[in-house]
Amino acid sequence: AAEGMEDSKAAFQAYRRAVELEPSAQHMALLAAAAAAVEGIDAKAEKAKGDAAFSSKPPEFGEAIAAYTVAIAGHPAAVPMKELEALAEQEQKLMGSGNRINAE
C-alpha cells in the first residue's frame, strides 16, 4: 500500500511539472486525475499558489494553471460553485495568455 502511495505522489509531481512546462489540456487532465489519487490536497492553499504565480512579475502562467488544476481536483465538493466557476474562468484566461506568449 505504501508503494502505491509513493507511485501516486510521483505521478502527481511529474504531471504537475508537465503542466507547469506545457499547460496543455492533456497534461491538465492527467494532473487532475493524479491529484484526485493523492490524499491531503489543500484546495485553498493551491488556489493561493495559483494566485501568487499569476500575480508574479513576470506571471508564471504554467505554475498558476497547475495550481488551479490541483485546487479544482483536490476537493471539488468542498469548493462553492461560484468559486469553482471563477477558478475555471481564470484558468481559461491563463491558457489563452500562455498561447499568445508562445505564439510570439
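Because the structure is predicted, anything quoted here is derived from the model rather than measured. (Residues numbered from 1 in each chain as written. Predicted model: local features only at pLDDT ≥ 70, side-chain atom pairs only at ≥ 80, totals over all residues. Heavy atoms only, no water.)

## Some thoughts on the pattern of salt bridges
All chains considered together, the criterion is met by six salt bridges. Taking the shortest distance from any N to any O, the salt bridge between Lys49 and Glu46 comes out at 3.4 Å. A residue pair is termed a helical-turn pair when its members lie 3 or 4 positions apart in one helix, as Lys49 and Glu46 do in helix H3 (residues 43–55) at three residues. Two residues, Asp51 and Lys47, come together in a salt bridge whose shortest N-O distance is 2.9 Å. Of the two residues, Asp51 and Lys47 both sit in helix H3, four residues apart, roughly one turn of that helix. On the accessibility criterion, Asp51 (25% relative accessible area) is partly exposed. (Salt bridge = Lys/Arg side-chain N within 4 Å of Asp/Glu carboxyl O. Helix = DSSP H or I, 4+ residues; strand = E, 2+ residues; numbered from the N terminus. Buried < 20%, exposed > 50% of the residue type's maximum accessible area, 1.4 Å probe, protein only.)

## As for the side chain of Thr69
Secondary-structure assignment places Thr69 in helix H4 (residues 61–74). On the basis of relative accessible area, Thr69 is assigned to the buried category, the value being 5%. If sequence neighbours within four positions are ignored, Thr69 has contacts with Met28, Leu31, Ala32 and Glu91. (Contact = heavy atoms within 4.5 Å.)

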